[in-house]
Amino acid sequence: MSDKPQLPAYIVRDLQTFSVPPEVAAARDRGELPRTTIAMPALANPFPGGVIEAWLVTRHEDVRAVLADHRRFSNDIKNLRHNPGTPRTSPLDSAPERKANLQRMDPPEHTAFRQMLMPAFTTNRTRQREANVSAVVADCLDAVRAQGPNVDLIEHFALPVPSLVICELLGVPYDDHIQFQQRARQQTDVTRSDEERLEIRRASHSYLKSLVERARERPGDDLLGTLVRDHGDKLDNEELTSIGELILLAGHQSTAGMLGLCILTLLLHPDQAQWLRENPDRVESAVEELLRYLTAISAGPARIATEDVEIRGTRISAGELVLLSELAANRDPAFVTNPDELDLSRPPSSHVALGHGAHLCLGAALARLQLRIALTALFEAFPTLELAVPADQLRFHEDFIVFGVKELPVTWRA
């Protein structure tokens, strides 16, 4: 039997509309909580590898409520009830536990660590990075022009933009950014065997630990250097390394996947791309609509019930796993009118593409900044941009936690 996990059906979306499977949408619209089975290794989410049954929450109102209730819905795996004979063991389960893993914490412990990181991700600090992000985008657009007019926008734009931004944030040397980028993508490929992903994880951990050790000796102005100066007496090297790993995966891979999907979606909706060109001052609301419509994270967050609780008449027992489909929630007709329609002029909504509550994406402001700058600059620079192949020939990363397009061949007229 293969040791490569099978994807749960609820995250396999329609490749034309990027929507949830019809059976998931139907259960959501009926207000039901279907049962699902996941067989995913530990790196796919905060929980151990194994085949585990879970309740699937899909209504927007319910997803927000669960995300906001860390008392009754926990991230701590100690609360998970193991049914004898159900989970299969994984080499990842026996790997050294990462310290300071915010994905496995609940407040108040989670709050204390998050507060250490917040100064690097405030709105003001993000604004200060605008010039750097703009420079990265401009350099990548120059590379696209040099490659074109036939070029893969994933390889030359969607991947390098967030990679270079996160490298600058963490203090990764420029010459290392390609290898850094490759490891980030490999760690979210859930079809790799546990042994392969464990090896990749160890290599990434070793590299980031070397950056931490360097920051201990000569702290710079990057995130790791700042943490050493401000909290080095409270955080040891393993904790700092774990924080670096979280920023790497959450800050780079999800933004890269989302940027590629945004570009493709606008190419498939030329009227919306033209609206963006004509209304660059409204790019903020346009990005919010793209986040809602696309929701790049396929396998949404998971929580463990800490007590018996009821959602829409379904009883969830203490210790049971709850999966939250942010994609289904963002396409909930009870949340927005015509949810399967992309409308960049739609007023911003309280979507959950970047989470909600205590675990709201730490780098949400930075991700939004990159999307705003990159999309505006790209479609302004190439007003005749179009797909170089028929849309049905595109290949997608359905085997990744972060949904995205593998290659995006485009062309344009001079």
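Further up the page is the structure itself.
Residues numbered from 1 in each chain as written. Predicted model: local features only at pLDDT ≥ 70, side-chain atom pairs only at ≥ 80, totals over all residues. Heavy atoms only, no water.

Here the focus is the overall build of the chain. A tally of helices and strands in the chain yields 15 helices and 10 strands. Classification of the 414 residues of the chain by burial places 58% in the buried group. Counting contacts in the chain only where the partners sit at least 6 residues apart, residues at least 24 apart contribute 75% of the total. When the accessible surface of the chain is summed, it comes to about 17,400 Å², and 49% of that surface belongs to carbon and sulfur atoms. (Helix = DSSP H or I, 4+ residues; strand = E, 2+ residues; numbered from the N terminus. Buried < 20%, exposed > 50% of the residue type's maximum accessible area, 1.4 Å probe, protein only. Contact = heavy atoms within 4.5 Å. Areas by Shrake-Rupley, 256 points an atom, 1.4 Å probe, with all protein chains shown as cover.)

Taken as a whole and assessed by the stated rule, the structure comprises four aromatic pairs. Judged by centre distance (4.5 Å) and plane angle (50°), the rings of Phe382 and Trp412 are tilted. Note that Phe382 is positioned in the loop between helix H15 (364-381) and strand E9 (386-387) and Trp412 in the segment after strand E10 (409-411), a separation of 30 residues in sequence. Per residue, the accessibility class of Phe382 equals that of Trp412, and both read buried. An aromatic cluster is defined as three or more aromatic residues linked by ring pairs; in this entry it consists of Phe18, Phe396 and Phe403. The ring of Trp55 has Arg35 sitting right over it, with the charged end atom 4.3 Å from the ring centre. (Phe/Tyr/Trp six-rings, centres within 6.5 Å; stacked < 30°, edge-to-face > 60°. Lys NZ or Arg CZ within 6 Å of the ring centre and 35° of its normal.)

This part covers the side chain of Thr255. Note on placement: Thr255 falls in helix H11 (residues 237-268). We classify Thr255 as buried; its relative accessible area is 6%. Other than its neighbours up to four places away in sequence, Thr255 contacts Pro162, Ala367 and Gln370.

This part covers the packing of helix H7 (residues 160-170) against H11. The angle between the axes and the distance between the axes are what describe a pair of packed helices. Remark: H7 packs on H11, axes separated minimally by 8 Å, with the N-to-C direction vectors making an angle of 160°. Taken together, H7 and H11 sit at an angle that is classed as roughly antiparallel. By crossing handedness, the relation of H7 to H11 is classed as right-handed. Of H11, the residues touching H7 (which contributes Val161, Pro162, Ser163, Ile166, Leu169 and Leu170) are Gly244, Ile247, Leu248, Gly251, His252, Thr255, Ala256 and Leu259. Across the contact of H7 with H11, the residue classes tally to nine nonpolar, five polar and no charged. (Axes fitted to C-alpha atoms, helices over the stretch in contact; angles between N-to-C directions. Parallel < 35°, antiparallel > 145°, perpendicular 65-115°, else oblique. Left-handed = near helix turned anticlockwise from the far one by under 90°. Nonpolar A, V, L, I, M, F, W, Y, C, P; charged D, E, K, R; others polar.)

Looking now at the environment of Arg372. Mapped onto the elements of the fold, Arg372 is located in helix H15. Arg372 sits 89 residues away from Val283 along the chain, and the two C-alpha atoms are 6.1 Å apart. Apart from residues lying up to four places away in sequence, Arg372 is in contact with Val283, Glu284 and Val287.

The next thing to look at is helix H12 (residues 270-278). Quick reminder: α-helices carry 3.6 residues per turn. Residues three or four places apart thus point the same way. Within the span of H12, buried status applies to Gln272, Ala273, Trp275 and Leu276. Within H12, the buried residues cover an arc of 155° as seen down the axis, which keeps them to one side. Turned more than 90 degrees away from the buried face of H12 sit Pro270 and Glu278, all of them exposed. (Arc of directions from axis to C-beta.)

Turning next to the nonpolar core. One broad rule of soluble globular proteins: the nonpolar side chains tend to lie buried together. Counting residues in hydrophobic clusters, the biggest one holds 89 residues, and the most contacted among them are Leu153, Phe157, Ile263, Leu375 and Leu408. Residues in contact with Leu375, not counting those within four places in the same chain, are Leu259, Cys262, Ile263, Leu266, Leu276, Val287 and Leu290. Val63, Phe73, Ala305 and Ile316 belong to the second-largest nonpolar core, a separate cluster that totals 15 residues. (Core = buried A, V, L, I, M, F, W, Y, C linked by side-chain atoms within 4.5 Å.)

Here Glu386 lies in strand E9. A relative accessible area of 37% means that Glu386 is categorised as partly exposed. It is 9.2 Å that separates the C-alpha atoms of Glu386 and Arg413, two residues lying 27 residues apart in sequence. In contact with Glu386, other than residues within four places in its own chain, are Leu267, Pro409, Val410, Thr411 and Arg413.

Turning our eyes to something else, we now look at the pattern of salt bridges. Inspection of the entire model under this criterion finds 20 salt bridges. Across the salt bridge formed by Glu320 and Arg35, the nearest N and O atoms sit 3.9 Å from each other. With Glu320 in the loop between strand E7 (314-316) and strand E8 (321-324) and Arg35 in strand E1 (residues 35-40), the pair connects residues that are 285 residues apart, well separated along the chain. Since its relative accessible area comes to 13%, Glu320 is described here as buried. The salt bridge partner of Arg145 is Asp142, with a shortest N-O separation of 3.0 Å. Here Asp142 and Arg145 lie together in helix H5 (residues 130-147), a separation of three residues that amounts to about one turn. Via salt bridges that share partners, Arg35, Glu53 and Glu320 belong to a single interconnected network. (Salt bridge = Lys/Arg side-chain N within 4 Å of Asp/Glu carboxyl O.)

Overall, antiparallel pairing links the three strands, which are arranged E4-E10-E9 in an open sheet. Either end of the sheet is taken by a strand with one partner, and the two such strands are strand E4 (151-152) and E9. By the bridge criterion, two bridges tie E4 to E10 in an arrangement that is antiparallel. The residue bridging Asp152 from the neighbouring strand is Pro409, located in E10. (Pairing = 2+ DSSP bridges.)

It is worth spelling out the pairing of E8 at this point. Alternating residues of E8 divide into Leu321 and Leu323 and Val322 and Leu324, and every residue in both groups is buried. Judged from the three bridges that link them, strand E5 (residues 302-305) and E8 form a sheet pairing that is antiparallel. Following the sheet pairing, Ala302 is matched in E8 by Leu323.

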